[in-house]
Amino acid sequence: MKVDVLLGLQWGDEGKGKVVDVLTPRYDVVARFQGGPNAGHTLEFEGQKYVLRSIPSGIFQGNKINIIGNGVVLDPALFKAEAEALEASGHPLKERLHISKKAHLILPTHRILDAAYEAAKGDSKVGTTGKGIGPTYTDKVSRNGLRVGDILCDFEKKYAAAKARHEQILKSLNYDYDITELERQWMEGIEYLRKFHLVDSEHEINNLLKEGKSVLCEGAQGTMLDIDFGSYPYVTSSNTICAGACTGLGLGPNKIGEVYGIMKAYCTRVGSGPFPTELFDETGKRISDLGHEYGAVTGRERRCGWIDLVALRYSIMINGVTKLILMKSDVLDDFDVVKACVGYKVGNEVIDYFPFDITEGIEPVYVELPGWKTDMTGMTSEDEFPEEFNAYISFLEEQLETPIKIVSVGPDREQTIERYTE
Ligand code: GDP
Ligand code: IMO
Ligand code: MG
């Protein structure tokens, strides 16, 4: 068996959580492969809304195995809060959630370092989620990290050494902080974590595949936030792309099957960094209001703009996307005209590829398409799509050279239309 991968093609918040939940009944296993509690994946069903941060979005659909892979960074305190809230709402986790011993731990001092580094950057700050993601991955790469498996042996000593090292750095940055409450909650989180299945997830997942079980890998963030291919340095600290599923779960590249790329019918971004199609006018505000574009984790307002097909073509190439999923087109249901960026004007030249630097001097070249002016939120089949919407879909497929398999017309699980055409 092969694994299918579902990941974001823009700057995150494309709707990954919703679609993973919708697709889960077709799989035996759902696995997260990178990122951590910087993610906020929203699911809505039966009138309830849930936001998942570290726990895979397959947790609500029957008795599936959900894996937190080695590529993920885990904050035990935030994990405990998330898991306890789920259990309290009637969703038991302990038997179905497996956590890789090789996943790295976010320490309380990593969170403080995240804030200290951001403060030191001043105006050029990344606008991180403040969850300690960058410092934790930095320690992983510099071979100073603590892993989930470390809590099983000689943990106090390892923790004290890591904390002392971080305290030295914070001292050199002259950064004031109080760790007491953070550390108390974190230690409680460590004890809580011991109650879970801590596994060698690379063996587990490969054995499951050998047994013929099907696996869906759930990405976090989006391709434009990837550490290698995103809008560096305004990115997150992990590989959010499809290759991240190989390193973040211990899968050979020949194990990758379908690659589902998710995109919104427009574009959003939280935090700092370039965004060529960003709108600063009434239209941007309208998209933001209609799309309720506020961060699921930080509550920050998301910046909004038109869909960027130049950036999407790049994302599709990097990930080897085989099928597209179009989200939130309902937000544009009442627009007279819908725009799509098909090229970038740089000086006197128009380019259709994603360049090294998108910070300055890029003017989007737009194609205007007629709006469909129809409330699509109650539709259940593609037969009901208005003519203009079908034309819009065909235009996107042609530009992106990839079929759109699923169209989402609202936040609820039920508001999802699978197309028969490929
Ligand atoms: P993720 O991080 O990729 O899982 O996405 P988020 O959960 O951060 O953000 C997506 C937001 O859009 C959430 O509030 C979802 O409930 C909502 N959403 C998802 N799909 C749709 C859709 O098709 N239409 C509308 N209007 N909202 C959607
Ligand atoms: P999901 O999985 C949107 C952004 C932050 C910041 C940058 C670096 O919900 O799509 P970090 O805390 O990772 O060091 O922040 O990345 N960012 C996200 N933006 N959705 C996310 O996750 C994000 N995770 C991180 O806003 O600009
Ligand atoms: Mg999100």
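One numbering rule holds for all chains: residues counted from 1, following each sequence as written. Each chain takes a letter, starting from A, and each ligand takes a number, starting from 1, following the order in which they are written. With the structure being a predicted model, the display of local features is reserved for residues of pLDDT at least 70 and the display and counting of side-chain atom pairs for 80 or more, all residues being used for whole-chain, interface and lining totals. The side-chain figures draw on all heavy atoms in the structure; neither hydrogens nor water molecules are used.

Chemist: Sorry if this is basic, but what is going on with the nonpolar core here?
Modeler: Looking at soluble globular proteins, one finds that nonpolar side chains tend to be buried together. By nonpolar core we mean a set of buried residues, namely Ala, Val, Leu, Ile, Met, Phe, Trp, Tyr and Cys, connected to one another through side-chain atoms within 4.5 Å. The rule is simple: take the accessible area with a 1.4 Å probe, protein chains only, and divide by the maximum for that residue type; under 20% is buried, over 50% is exposed, in between is partly exposed. With 55 residues, the main nonpolar core has Val5, Cys217, Leu309, Leu326, Phe389, Tyr392 and Leu396 as its most contacted residues. Looking at which element gives the most residues to this core, the answer is helix H11 (residues 387-400), with six residues. Two residues qualify as a contact provided that any one of their heavy atoms is within 4.5 Å of a heavy atom in the partner residue. Apart from residues lying up to four places away in sequence, Leu396 is in contact with Met263, Ile307, Leu309, Leu326, Glu401 and Ile404. Ranked by size, the runner-up nonpolar core spans 31 residues in total, among them Leu52, Phe79, Ala162 and Phe196. Helix and strand definitions here come from DSSP, where helices need a minimum of 4 consecutive H or I residues and strands a minimum of 2 consecutive E residues; each element is numbered from the N-terminal end.

Chemist: I keep staring at the coordination of the magnesium ion (ligand 3) and nothing clicks. Help me out?
Modeler: For a metal with four tetrahedral donors the ideal donor-metal-donor angle is 109.5 degrees, whereas six octahedral donors ideally subtend 90 or 180 degrees. Surrounding the magnesium ion (ligand 3) are the protein donor atoms Asp13 (OD) and Gly40 (O), which sit 2.1 to 2.2 Å from the metal. One end of the pair, Asp13, is in the loop between strand S1 (3-8) and helix H1 (16-23); the other, Gly40, is in the loop between strand S2 (29-32) and strand S3 (41-45), with 27 residues separating them in the sequence. Classification of Asp13 as partly exposed rests on a relative accessible area of 24%. For Gly40, a relative accessible area of 13% translates into the label buried. Note on donors: an N, O or S atom is included if it sits within 2.8 Å of the metal, or within 3.2 Å for Na, K and Ca, and water is never included, so sites can look incomplete.

Chemist: When you look at the site of ligand 2 in this model, what are you seeing that I'm missing?
Modeler: Note on terminology: near, applied to a residue and a molecule or strand, indicates that one of the residue's heavy atoms is within 4 Å of it. Near ligand 2 you find 21 residues, and of these Asp13, Lys16, His41, Thr129 and Thr236 are the closest. The contact in question runs from an oxygen atom of ligand 2 to an N or O atom on the side chain of Lys16, over 2.7 Å. What qualifies as a polar contact is a pair of N or O atoms within 3.5 Å, subject to a donor-acceptor requirement within protein and to the restriction that residues adjacent in sequence count only when both atoms come from side chains. Between Gly40 and ligand 2, the recorded distance is 2.9 Å, taken from a backbone N or O atom to an oxygen atom. Surface accessibility in these figures is a Shrake-Rupley result with a 1.4 Å probe; residues are shielded only by whichever protein chains are displayed. Burial of ligand 2 by the surrounding chains reaches 98%, relative to a free accessible area of 550 Å². Residue composition of the shell around ligand 2, grouped by class: eight nonpolar, ten polar and three charged. Here the term charged refers only to Asp, Glu, Lys and Arg, the term nonpolar to Ala, Val, Leu, Ile, Met, Phe, Trp, Tyr, Cys and Pro, and the term polar to all other amino acids, Gly among them.

Chemist: Sorry if this is basic, but what is going on with the site of ligand 1 here?
Modeler: Close to ligand 1 lie 19 residues; Gly15, Lys16, Thr42, Asp330 and Ser408 are nearest. Measuring from an oxygen atom of ligand 1, one finds a backbone N or O atom of Gly15 at 2.8 Å. Coverage of ligand 1 by the protein amounts to 92% of the 590 Å² it exposes when considered alone.

Chemist: What exactly am I supposed to notice about the environment of Val235 here?
Modeler: In this fold, Val235 is placed in the loop between strand S10 (215-218) and helix H8 (243-249). Exposure remark for Val235: the relative accessible area of 11% places this residue in the buried category. Residues Val235 and Gly222 lie 13 residues apart in sequence; the distance between their C-alpha atoms is 9.4 Å. Apart from residues no more than four positions distant in its own chain, Val235 is found in contact with Val126, Met224, Leu225, Asp226, Ile227 and Gly230.

Chemist: Would you mind showing me how to read H11 here?
Modeler: Because each turn of an α-helix spans 3.6 residues, side chains separated by three or four positions in sequence point in the same direction. The first and last C-alpha atoms of H11 sit 20 Å apart over 14 residues, in line with the 20 Å expected at 1.5 Å per residue. Among the residues of H11, Phe389, Tyr392, Ile393, Phe395, Leu396 and Leu400 are the ones counted as buried. Seen from one end, H11 has its buried residues packed into an arc of 160°, which puts them on one side. Seen from the buried face of H11, the exposed residues on the opposite side, beyond 90 degrees, are Glu387 and Glu398. Looking one or two residues beyond H11, the residue adopting positive phi is Glu401, at roughly 55°. Multiply 1.5 Å by the residue count of a helix minus one, and that product is the helix's expected span. Summarising the geometry, the arc corresponds to the directions from the helix axis toward the C-beta atoms.

Chemist: Honestly, the pattern of salt bridges in this entry has me stumped. Any pointers?
Modeler: Close approach of charged atoms lets side chains of opposite charge pair. Think of a salt bridge as a Lys or Arg side-chain nitrogen and an Asp or Glu carboxyl oxygen that are within 4 Å of each other. Enumeration according to the criterion identifies 28 salt bridges in this entry. For the salt bridge of Lys101 with Asp200, the shortest nitrogen-to-oxygen distance reads 3.8 Å. Linking Lys101 in the loop between strand S7 (97-100) and strand S8 (104-105) with Asp200 in the loop between strand S9 (197-199) and helix H7 (201-210), this pair joins segments that are 99 residues apart in sequence. For Glu293, the salt bridge goes to Lys328, with nearest N and O atoms at 2.9 Å. Placement of Glu293 in the loop between helix H9 (282-290) and strand S13 (303-308) and of Lys328 in the loop between strand S14 (323-327) and strand S15 (337-346) is noted, with a sequence separation of 35 residues between them.

Chemist: Could you clarify how one ought to interpret the pairing of S15 in this entry?
Modeler: Here S13 pairs with S15 via two bridges, running parallel. In the sheet register, Ile307 faces S15, and the bridge partner there is Ala340. By definition, two strands form a pair when at least two bridges between them are found by DSSP. Summarising the sheet, S15 and strand S17 (residues 362-370) pair through nine bridges and their orientation is antiparallel. Paired with Cys341 across the two strands is Tyr366, which belongs to S17. Two elements, S15 and strand S16 (residues 349-351), share three bridges in a ladder whose sense is antiparallel. Bridge assignment links Tyr344 to a residue of S16, and that residue is Ile351. From the end of S15 to the start of S16, which pair antiparallel, there are two residues, and Gly347 there has a positive phi angle of about 65°.

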